[in-house]
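Residue-level listing of the chains:
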Amino acid sequence: MVEVKLQNIVKTFGETVALKGINLEIKHGELFTLLGPSGCGKTTTLRIIAGLEYPDTGKIYFGDEEVTYLPSHQKGAVLVFQNYALWPHMSVSDNIAYGLKIKKLPKDEVMRKVQWALELVKLKGFENRYPTQLSGGQQQRVAIARALVVEPKVLLLDEPLSNLDAKLRLEMRSEIRRIQRELGITVIYVTHDQEEAMAISDRIAVMNVGTVEQIGTPKDIYESPRTEFVASFMGKTNVVPAKIVERDGNHVAVEFENFHLDGLTYTGEGDRVVLVIRPERIRLKPGKNTVSLLGTVDLVEYYGFFIEVIGLFGETRLIARTISDKEVESLRPTKEVTFYIDRDDIIVLPKQQL
Ligand code: ATP
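Summary of the structure given here. Every chain's residues receive numbers from 1 upward, in the order its sequence appears when written. A pLDDT threshold of at least 70 governs which residues receive local features in this predicted model, and a stricter bar of 80 or more applies before side-chain atom pairs are shown or counted, although totals over entire chains, interfaces and linings include all residues. Each side-chain value is derived from all of the structure's non-hydrogen atoms; neither hydrogens nor water enter the calculation.

### Description of the packing of helix α3 (residues 92-102) against helix α4 (residues 107-120)
No. 1: Where α3 contacts α4, the axes come no closer than 10 Å and their chain directions differ by 120°. Overall, the two elements α3 and α4 adopt an arrangement that is oblique. For the pair α3 and α4, the sense of crossing is right-handed. Residues V92, S93, I96, A97 and L100 of α3 form the contact with α4, whose own contacting residues are V110, K113, V114, A117 and L118.
No. 2: Polar here means any residue outside two lists: the nonpolar Ala, Val, Leu, Ile, Met, Phe, Trp, Tyr, Cys and Pro, and the charged Asp, Glu, Lys and Arg; Gly therefore counts as polar. In terms of residue class, the contact of α3 with α4 is built from 8 nonpolar, 1 polar and 1 charged. For helices, the axis comes from a line fit to the C-alpha atoms of the stretch in contact; other axes are also lines fit to C-alpha atoms, and the angle between any two N-to-C directions lies between 0 and 180 degrees. What counts as a helix is a DSSP run of H or I of at least four residues, what counts as a strand is a run of E of at least two, and both are numbered from the N terminus. Here is the rule for angles: anything less than 35 degrees is roughly parallel, anything more than 145 is roughly antiparallel, 65 through 115 is roughly perpendicular, and the remaining ranges are oblique. Helix crossings get a hand from a simple test, with the near helix turned counterclockwise from the far one by less than a right angle marking a left-handed crossing and a clockwise turn marking a right-handed one. Residue contacts follow a heavy-atom distance rule, with two residues in contact if any of their heavy atoms lie within 4.5 Å.

### A look at the site of the ligand
No. 1: By convention in this text, a residue qualifies as near a molecule or strand provided that one of its non-hydrogen atoms is within 4 Å of it. Every residue close to the ligand is listed here: F13, T16, A18, P37, S38, G39, C40, G41, K42, T43 and T44.
No. 2: At 2.6 Å, a side-chain N or O of S38 approaches an oxygen atom of the ligand.
No. 3: Accessible surface area values rest on a Shrake-Rupley calculation with a 1.4 Å probe, where residue burial reflects the displayed protein chains alone. Here the ligand has 630 Å² of accessible area as a free molecule, and 58% of this is covered by the chains.
No. 4: The set of elements that each furnish at least two residues to the shell around the ligand consists of β2 (16-27) and α1 (42-50).
No. 5: Counting residues per element, the shell around the ligand draws most heavily on α1, at 3 residues. Polar contact is the term for a pair of N or O atoms within 3.5 Å; when the atoms are in protein, one must be able to donate a hydrogen and the other to accept it, and sequence-neighboring residues count only if both atoms are side-chain atoms.

### Regarding the sheet that holds strand β10 (residues 211-216)
No. 1: If you trace the 6 strands from one edge of the open sheet to the other, you get β6-β7-β8-β3-β9-β10, paired in mixed fashion. Edge positions in the open sheet fall to β6 (77-80) and β10, since each of these has one partner strand only. Going across the sheet, the axis of each strand differs from the next one's by a mean of 20°, ignoring polarity.
No. 2: Both strand β3 (residues 31-35) and strand β9 (residues 203-208) contribute to a ladder of 4 bridges, which runs parallel. Its bridge partner lying in β9, L34 is registered against A205. A strand pair is defined by DSSP finding two or more bridges across the two strands.

### Quick notes on a nonpolar patch on the surface
No. 1: To count toward a patch, a residue needs a relative accessible area over 30% and no salt bridge; like charges are then connected within 9 Å, while nonpolar side chains (Val, Leu, Ile, Met, Phe, Trp, Tyr) are connected within 5 Å. Throughout this description, the term salt bridge denotes a Lys or Arg side-chain nitrogen within 4 Å of a carboxyl oxygen of Asp or Glu. A cluster of nonpolar side chains, namely W87, Y98 and I102, defines an oily patch on the protein surface of about 280 Å² accessible area.
No. 2: Turning to its location among the elements, W87 is positioned in the loop between β6 and α3.

### Description of empty space enclosed by the protein
No. 1: Method remark: on a 1 Å grid restricted to protein atoms, a set of points is classed as a cavity if a 1.4 Å probe fits but cannot get out and as a pocket if it is open with protein on both sides within 12 Å along at least five of seven lines; lining residues have an atom within 4 Å of a point. Grid points are joined across faces, edges and corners, and a volume is the space filled by probe spheres set on the points. By the definition in use, this model includes 1 cavity of 30 Å³ or more.
No. 2: In this structure, the largest cavity occupies an estimated 40 Å³ of space.
No. 3: As for the largest cavity, its lining consists of I144, L148, L155, L157, I176, I179, Q180, I185 and V187.
No. 4: Elements represented by at least two residues in the lining of the largest cavity include exactly α5 (136-148), β7 (154-158) and α6 (166-183).

This is the structure:
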């Protein structure tokens, strides 16, 4: 069952085309993340789903029902804002009860639901406090409780963790996932932080200047990026411009600097490409199907549970990541080093204008 469907959504603000035809199908009970850099259109997409903004063209469906032009209070999608937007003059209970009182529910039902929501977000005992008497994380929990208490069809979260410190961010991200799983609710989550998106999501849509470049599970997107933008946005990675010099069907040989790599796979067009190589896929020992690159060590960086070796290959810097102390023991800056990469671990993609 498809819970939320966006069909060809276009939205302009004056000269700016914020969304250039967005298509998304978000499943019932899924935590779906819109991920992309600042200004790519994430918030606009969320506001359109919430009914706080309307598209120029395109349609939105919740289940089988078209809801494109329904106002927000009739839509059944609730947006939790980045700054939580709690009422400062109302207690925690009153903040949470607000949406229910507007619906004119009987008092005892309101009380019951508020208690349920307080328990869900683990804020029992905080009923009578005011927002200024709460930590950032607690305010966030109130905002989520206030959204959930009206039993929305879809919960929309816009950068919900951006005002929290690093430790609390990790804690709240697990909390959001726990609540989402417990209720089986559909959540659409916006962030510009790829690590957060990877950790929390069932699926991710990676956005770039008003378009969706790829939709997939965190694993799909990390391991099989379909564009240079997606590859370089999903964490630390090596992206090396190269040129195709031989081609036989999908088998290609490429060159960069003075290196010639053959036996790679490429299904795209044109001869200007990039080689995408994840640092943890570069090895310091040869394997069965590896290509080798001879260069010099630029730096060795120790991160505790892994070590990065940054090698210079002509002008090109490549990062290799290993968990073995032994392998890097003898490596010193300016010394020679050979990086080995399995041909299957080199993703060849068309060069993009970024
Ligand atoms: P951020 O992470 O910075 O919030 P975003 O990905 O959420 O970015 P949007 O806020 O959706 O991006 O903005 C997309 C584009 O639309 C941007 O170029 C932005 O400047 C523009 N835009 C958004 N809202 C308006 C508005 N009300 N008036 C004019 N331009 C707008």
